[in-house]
Amino acid sequence: MIGWKPSLAQEFGRDSSDGETTTQTEAKGSSVTPRHVLCFLGKERNLTPMSGAASQAIRDFATGFSVDEDHSQAEPDDRMEQSFAVCWDRVEPRAWNAADEEGVANHQPVLYVLGPSMTQVETVKVSMAAARLVGRLIDAGAVAVKGESAGVAHGLDRWRELIRQGAEALKAGDLLAQQRVGCLAFAKRPLSARGYFESVGFHLVGLPEVYVPEPVGSERQAVATMDAVADEIAKRGLEPTLKIRHATLSFDSTYDVDEFKFNPYGIVRLAM
């Protein structure tokens, strides 16, 4: 994983944002559970402000999260510019700006926070806690934030907006809205491969990935379809959505089961 030391990649799974393709895996019946991995960049060569804020957030509300003291570092990582360049959200207009790029280029410490392994029913709750934790770290001086589990980064203004939306959804007790915000915050889309536009990271809110055939139109149209299908699964359930959409559920994944991007809930493939 770009920005992570090899030992951590071996322990938790490797990143495929560099375009490598892994072996296909039959995931049906898998006991693998998703987890968040968050990367924070700071502006002062001192981990204490961010790690202290993370530890306090863990005590306050982010139960099960932990600061990765073994792989965080007080000095800059020269691979971060490349990593963030690959991971910026390219769906939302103005999802990042020049100030965000400058923050990455001039960063000092790198802090990793690991989330707990999540059962499917816990995913939305834990993802909302992850969003709140991001807010705490931004307040503590983080200049850039990336979700490693799907390889997605937003600028600080966009993170603040997503955190605000999540807080409103939590206050309203609107589970569907929370799930939608979790997708926007922590999932990456669209990727393009093998004739499909693909999502990655929907497992972080308990949903299968959605693959849309490339002939459907533009990337923006594909993303709108992905998000609509995800909403339909959340509202109606998986089987009715598969029937209505003439879709199939597949468990053939390009990610190995020990990778953070692996989705144990499968892949909904829309018909060509």
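Everything numeric in this text was worked out from a predicted model, so none of it was measured.

A. Geometry of the packing of aromatic side chains. Across all of its chains, the model carries four aromatic pairs by this definition. Consider the rings of W88 and W96, whose centres lie 5.4 Å apart with planes at 0°: the pair is stacked. Taking relative accessible area as the criterion, W88 reaches 4% and is therefore assigned buried. On the basis of an interplanar angle of 50° and a centroid distance of 5.8 Å, the ring pair of W159 and F186 is categorised as tilted. Taken together, the positions of W159 in helix α6 (residues 156-172) and F186 in helix α7 (residues 175-186) put the pair 27 residues apart, joining distant regions of the chain. The buried category is assigned to W159, whose relative accessible area is 0%. Residue classification places F186 among the buried residues on the basis of a relative accessible area of 2%. Positioned above the aromatic ring of Y196, the side-chain terminus of R269 is 5.3 Å from the ring centre.

B. Up close: the sheet that holds strand β2 (residues 37-41). Strands sit in the order β3-β4-β2-β5-β6 across an open sheet of five strands; the sheet is antiparallel. Two strands bound the open sheet, and with one partner strand each, they are β3 (66-67) and β6 (152-154). In this structure, strand β5 (residues 144-147) lies alongside β6, joined through three bridges in antiparallel fashion. Counterpart to K146 in the pairing with β6 is A153.

C. Seen up close, helix α4 (residues 98-105). Among all positions of α4, only D100, G103 and V104 are buried. In a view along the axis of α4, the buried residues occupy a sector of 100°, so they form one face of it. Projecting away from the buried face of α4 at angles above 90 degrees are the exposed residues A98, A99 and E102. As for α4, its buried residues are in contact with β2, α3 (80-87), β5 and α6. At the N-terminal boundary of α4, the capping side chain belongs to N97, with an oxygen 3.0 Å from the backbone nitrogen of A99.

D. The pattern of salt bridges, seen in detail. Scanning the entire structure with this criterion turns up 12 salt bridges. Here E232 ties to R245 by a salt bridge, and the two come within 2.7 Å at their closest N and O atoms. A residue pair is termed long-range when its members are at least 10 positions apart, and E232 in helix α8 (residues 219-236) and R245 in helix α9 (residues 238-245) qualify at 13 residues. A single network of salt bridges, built from pairs that share partners, joins E161, R164 and E168.

E. Summary view of the sheet that holds strand β12 (residues 267-269). Sheet architecture is open: five strands sit in the order β7-β8-β9-β12-β10, paired in mixed fashion. Looking at the sheet topology across the chains shown, the edges are occupied by β7 (188-193) and β10 (248-250). With strand direction ignored, the average angle separating the axes of adjacent strands in the sheet is 30°. Helix-sheet contacts for α8 involve β7, β8 (196-200), β9 (209-213) and β12, and the interaxial angle to β7 is about 120°.

F. The arrangement of the pairing of β2 in detail. Here β2 lies mainly inside the structure; five of its five residues are buried. Judged by which residues are buried, β2 turns out to be covered on both faces: V37, C39 and L41 on one side and L38 and F40 on the other are all buried. In terms of strand pairing, β2 meets strand β4 (residues 110-114) through five bridges, oriented antiparallel. Looking at the pairing, F40 lines up with L111 of β4. Direction of pairing for β2 relative to β5: antiparallel, over a ladder of four bridges. Bridge pairing in β5 places L41 opposite A144.

G. Geometry of the packing of α8 against α9. Axis separation between α8 and α9 bottoms out at 7 Å; the angle between their running directions is 135°. Classified by the interaxial angle, the pair formed by α8 and α9 is oblique. Packed against α8, whose contacting residues are T225, A228, V229, E232, I233 and R236, the element α9 presents L238, P240, T241, I244 and R245 at the interface. Here the residues of the contact of α8 with α9 sort into six nonpolar, two polar and three charged.

Calculation notes
- Residues numbered from 1 in each chain as written.
- Predicted model: local features only at pLDDT ≥ 70, side-chain atom pairs only at ≥ 80, totals over all residues.
- Heavy atoms only, no water.
- Phe/Tyr/Trp six-rings, centres within 6.5 Å; stacked < 30°, edge-to-face > 60°.
- Buried < 20%, exposed > 50% of the residue type's maximum accessible area, 1.4 Å probe, protein only.
- Helix = DSSP H or I, 4+ residues; strand = E, 2+ residues; numbered from the N terminus.
- Lys NZ or Arg CZ within 6 Å of the ring centre and 35° of its normal.
- Pairing = 2+ DSSP bridges.
- Arc of directions from axis to C-beta.
- Contact = heavy atoms within 4.5 Å.
- Polar contact = N/O pair within 3.5 Å; in protein donor to acceptor, adjacent residues only side chain to side chain.
- Salt bridge = Lys/Arg side-chain N within 4 Å of Asp/Glu carboxyl O.
- Axes fitted to C-alpha atoms, helices over the stretch in contact; angles between N-to-C directions.
- Parallel < 35°, antiparallel > 145°, perpendicular 65-115°, else oblique.
- Nonpolar A, V, L, I, M, F, W, Y, C, P; charged D, E, K, R; others polar.

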